[in-house]
Amino acid sequence: MKRFTAGLEHQVQFRDRRMMETIERRGGGFLRLMDACIDKEDRNTNNRAVAPRTWENSDAMFYRPLPRVAERNT
């Protein structure tokens, strides 16, 4: 996935929207899963936001966010 995203970053210079349209069309489910996981990660690291629920009814239910910065240093 890292190699693919590096390739996508390379595509930006060509300003050809067809590749992004293809990714959105063919990889929509993966993109939604990625957004759900990033959202869960953001909620876990933001002290002012609503805390992530222990049991979620979402695609990211089994995604384990990285520990918060304060938790990593202990």
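Explanation requested: the overall build of the protein in the structure shown.
When its secondary structure is counted, the protein shows 4 helices and 0 strands. Ordered by position from the N terminus, the helices and strands of the protein form the series α-α-α-α. Scored against the burial criterion, the 74 residues of the protein give a buried share of 12%.

Would you explain the pattern of salt bridges in this entry?
It is possible for side chains of opposite charge to pair when their charged atoms get near one another. If you walk through the whole model with that rule in mind, you get 2 salt bridges. Here D16 and R18 are joined by a salt bridge, their closest N and O atoms 2.6 Å apart. Using a relative accessible area of 58% as the deciding quantity, one classes R18 as exposed.

Is there a simple way to think about helix 3 (residues 28–45) in this case?
Since the α-helix turns once every 3.6 residues, residues separated by three or four places project in the same direction. For helix 3, which comprises 18 residues, the first-to-last C-alpha distance of 26 Å matches the rise-based estimate of 26 Å (1.5 Å per residue) to within 8%. When we look at burial in helix 3, the residues that qualify are G28, C37, K40, E41 and N44. Where helix 3 is buried, its residues contact helix 2 (17–26).

What should I look at first to understand the layout of surface pockets in this one?
To locate leftover empty space, one rolls a probe as large as a water molecule over the atoms. There is about 480 Å³ of room inside the largest pocket. Counting only elements with at least two residues in the lining of the largest pocket, the list comes to helix 1 (2–11), helix 2 and helix 3. Across the lining of the largest pocket, the residue classes break down as 12 nonpolar, 2 polar and 2 charged.

Is there a simple way to think about a nonpolar patch on the surface in this case?
Together, M1, F30, L33, M34 and I38 make up a nonpolar patch on the protein surface, roughly 510 Å² of accessible area in all. Tracing the backbone through its elements, the reader meets M1 in the segment before helix 1. You can call M1 exposed: its relative accessible area is 76%.

What's the story with unusual backbone geometry in this structure? I'm lost.
Trans peptide bonds make up most of the peptide bonds, and negative phi angles are found at most residues other than glycine. One non-glycine residue with positive phi stands out, namely R15, at about 50°. In this fold, R15 is placed in the loop between helix 1 and helix 2.

Definitions and cut-offs
Residues numbered from 1 in each chain as written. Predicted model: local features only at pLDDT ≥ 70, side-chain atom pairs only at ≥ 80, totals over all residues. Heavy atoms only, no water. Helix = DSSP H or I, 4+ residues; strand = E, 2+ residues; numbered from the N terminus. Buried < 20%, exposed > 50% of the residue type's maximum accessible area, 1.4 Å probe, protein only. Salt bridge = Lys/Arg side-chain N within 4 Å of Asp/Glu carboxyl O. Expected span 1.5 Å × (residues − 1). Contact = heavy atoms within 4.5 Å. 1 Å grid on protein atoms, 1.4 Å probe; cavity = no way out; pocket = protein on both sides within 12 Å on 5 of 7 lines; lining within 4 Å. Points joined across faces, edges and corners; volume = space filled by probe spheres on them. Nonpolar A, V, L, I, M, F, W, Y, C, P; charged D, E, K, R; others polar. Patch = residues over 30% accessible without salt bridge, like charges linked within 9 Å, V, L, I, M, F, W, Y side chains within 5 Å. Areas by Shrake-Rupley, 256 points an atom, 1.4 Å probe, with all protein chains shown as cover.

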